[in-house]
Amino acid sequence: MYYGEDIVEEVRQKTDIVDLVGQYVNLKKKGSSYFGLCPFHGEKTASFSVSPGKQIFYCFGCGKAGDSIRFLMEYENLSFVEALEELAERANVTLPKEEKRDKGEEDLRYKILEINKQAALFYVKQLRSEKGKLGLAYCAKRKLSGESITHFGLGYAGKERDSLYQYCKSLGFKDQVLQESGLFSFKEAGVYDKFFNRLMFPIMDLHNRVIGFGGRVMGDGEPKYLNSPETKLFDKSRNLFALNFSRKSRSDFFILCEGYMDVISLHQWGFPEAVAALGTAFTEQQADLMKRFHSLVYLCFDSDGAGKKACKRAISILREKNLEGKVINLLPYKDPDEFLKAEGKEAFEKRMEEAKNAFLWEVEEKKKEFDLHDPAGMQKYMESIAELLRTNFQDPVERENYLKAVAREQMLKAENLQHLVDRGEEKTQLEFGLKKASGGKEKREKKNGIPRWRRSFFPF
Ligand SMILES: [Zn+2]
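Residues numbered from 1 in each chain as written. Predicted model: local features only at pLDDT ≥ 70, side-chain atom pairs only at ≥ 80, totals over all residues. Heavy atoms only, no water.

(A) Just the sheet that holds strand 2 (residues 33-36), in detail. Spatial ordering of the open sheet is given by 1-2-3-4-5, a layout of five strands whose pairing is antiparallel. Either end of the sheet is taken by a strand with one partner, and the two such strands are strand 1 (28-30) and strand 5 (65-66). (Pairing = 2+ DSSP bridges. Helix = DSSP H or I, 4+ residues; strand = E, 2+ residues; numbered from the N terminus.)

Below is the structure:
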């Protein structure tokens with residue numbers, strides 16, 4: 001979406017920067033300016049200034065400066081357009097509607113948002129009612145604090161099969177839009193709530209708007225976790241649970257874990273950086289979304305086989321997107337919730353400090369597949385590492401750095417690993433017909449001492 005300079009200027013003029021910054025920073029007047037502790041760097045004396053005359057902020061400590069839009073972008077990690085839209089709403093400026101989007105479509109999206117919001121409120125009320133005892137008991141069993149329950153807007157879907165439907169009808173919503181919300185099953189025999197007898201986790205977008213739900217069944221029903229289906233609003237692969245909260249943490253990283261309960265537990269224990277994929281495997285789009293805010297991701301998956309598999313998949317996506325991954329070892333515990341309950345916050349912080357570089361973790365995992373006392377097993381193990389090095393790093397310098405690190409850590413000879421990497425590279429080139437199997441050329445290449453894979457990286 002593009003907004004013209006006129007409308008941007010109008011938003012700027014109708015926003016008082018002292019007022020805006022004052023919402024986030026405690027400001028005191030000194031002369032013609034206001035001063036406070038800089039929200040962008042840690043400090044004990046106030047060097048962050050806001051000028052009402054010029055409508056700008058400037059930090060004498062870290063040099064951050066700009067207007068009201070820039071402040072919101074920096075503070076809330078928003079794009080220019082997002083910050084502008086938020087300020088426009090705050091200042092009661094109506095922005096021109098995107099023309100391309102069809103009006104009916106826009107209207108429908110708005111109505112689905114409204115249904116989701118009403119449903120979330122309905123579930124919250126149910127959790128606090130007589131009917132919600134089962135849900136609250138589960139929260140107590142999992143040791144969720146009242147604050148966490150409120151913060152995440154947890155609710156309860158009762159055992160009746162159509163109470164939300166009846167409630168929405170009473171609010172005047174039409175069947176056609178209710179059908180689009182994904183919260184109901186329309187059958188010949190009648191309309192039923194998709195969620196019943198479940199603890200409800202609202203899923204919010206970056207602007208804290210409810211776009212879908214996850215529900216944990218109370219008791220032993222199947223499936224254990226149920227998510228809203230995809231709707232006009234809800235695209236599972238493009239959202240992360242709790243990103244609306246974690247993006248506001250003052251850290252420069254995320255903690256990616258598996259489920260809703262892991263996330264809530266981590267937040268409760270003082271790790272507001274935690275997010276989770278939404279009942280699907282981690283996706284490239286989710287990585288893109290994270291990259292808008294931070295480039296370091298701690299992976300905090302379950303210690304079992306499924307968790308490791310999911311972790312490996314996430315690592316390859318992070319690498320593809322140029323995000324740094326570090327793997328947190330939770331052993332001997334199954335998941336972060338269990339770990340925190342048994343060992344506490346400091347122990348978890350220590351595990352974060354010790355978190356392993358994602359690639360070195362993968363190598364360590366690979367090792368378990370082979371019998372290293374057997375020379376044939378050792379050979380296969382080394383070949384598989386060479387293959388990982390070859391396929392994961394296109395940049396020769398990066399590849400060499402990793403090769404050296406692996407050799408050091410696994411106590412292997414770097415030359416031997418290098419040899420296997422070279423051999424693999426050559427084989428691939430032959431397979432793809434990129435190189436002719438001529439002895440003469442190879443000899444020449446060996447003489448000048450530059451590894452072949454490195455030469456092959458450059459077109460010259
Ligand atoms: Zn500063």
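Structure's up, so let's keep going.
(B) Here's a closer look at the domain arrangement of the protein. With domains assigned, the protein is organised as domain 1 (5-90), domain 2 (103-234), domain 3 (243-363) and domain 4 (369-457). Centre-to-centre separation of domain 1 and domain 2, based on C-alpha positions: 37 Å. (Domains from an automatic or database assignment.)

(C) Main features of the pattern of salt bridges. Enumeration over the complete set of coordinates arrives at 32 salt bridges. Where lysine 321 meets glutamate 284, a salt bridge forms, and the shortest distance between an N and an O atom there is 3.8 Å. In this pair, lysine 321 is assigned in the loop between helix 13 (305-320) and strand 15 (324-327) and glutamate 284 in helix 12 (residues 284-291), connecting sequence segments 37 residues apart. Its relative accessible area of 18% is what places lysine 321 among the buried residues. A relative accessible area of 35% means that glutamate 284 is categorised as partly exposed. Note that glutamate 425 is salt-bridged to arginine 390, the shortest N-O span being 3.3 Å. Of the two residues, glutamate 425 sits in helix 19 (residues 414-431) while arginine 390 sits in helix 17 (residues 375-392), which places them 35 residues apart along the sequence. When its relative accessible area of 15% is taken as the criterion, glutamate 425 is described as buried. Among the charged side chains, a network of salt bridges with common partners joins Glu9, Arg12 and Asp67. (Salt bridge = Lys/Arg side-chain N within 4 Å of Asp/Glu carboxyl O. Buried < 20%, exposed > 50% of the residue type's maximum accessible area, 1.4 Å probe, protein only.)

(D) View of the environment of arginine 250. Mapped onto the secondary structure, arginine 250 falls in the loop between helix 10 (243-246) and strand 12 (253-257). When the C-alpha positions of arginine 250 and leucine 296 are compared, they lie 13 Å apart, and in sequence the two are 46 residues distant. Residues contacting arginine 250, with those up to four places away along its chain left out, are Pro39 and Tyr75. Separated by 3.4 Å, the side chains of arginine 250 and tyrosine 75 make a polar contact. (Contact = heavy atoms within 4.5 Å. Polar contact = N/O pair within 3.5 Å; in protein donor to acceptor, adjacent residues only side chain to side chain.)

(E) Examining the layout of surface pockets more closely. Roughly 660 Å³ of volume is contained in the second largest pocket. Lining the second largest pocket are 27 residues, with Tyr225, Glu258, Gly259, Asp262 and Asp302 sitting closest to its centre. Considered class by class, the residues forming the lining of the second largest pocket number twelve nonpolar, four polar and eleven charged. (1 Å grid on protein atoms, 1.4 Å probe; cavity = no way out; pocket = protein on both sides within 12 Å on 5 of 7 lines; lining within 4 Å. Points joined across faces, edges and corners; volume = space filled by probe spheres on them. Nonpolar A, V, L, I, M, F, W, Y, C, P; charged D, E, K, R; others polar.)

(F) The coordination of the zinc ion, seen in detail. Bound to the zinc ion on the protein side are Cys38 (SG), His41 (ND1), Cys59 (SG) and Cys62 (SG), at distances that span 2.1 to 2.3 Å. Coordination geometry of the zinc ion: the four donor atoms subtend angles of 99 to 119° at the metal centre, consistent with an arrangement described as tetrahedral. (Donors = N, O, S within 2.8 Å, 3.2 Å for Na, K, Ca; no water. Tetrahedral: all angles 85-135°; square planar, octahedral: opposite > 155°, others 65-115°.)

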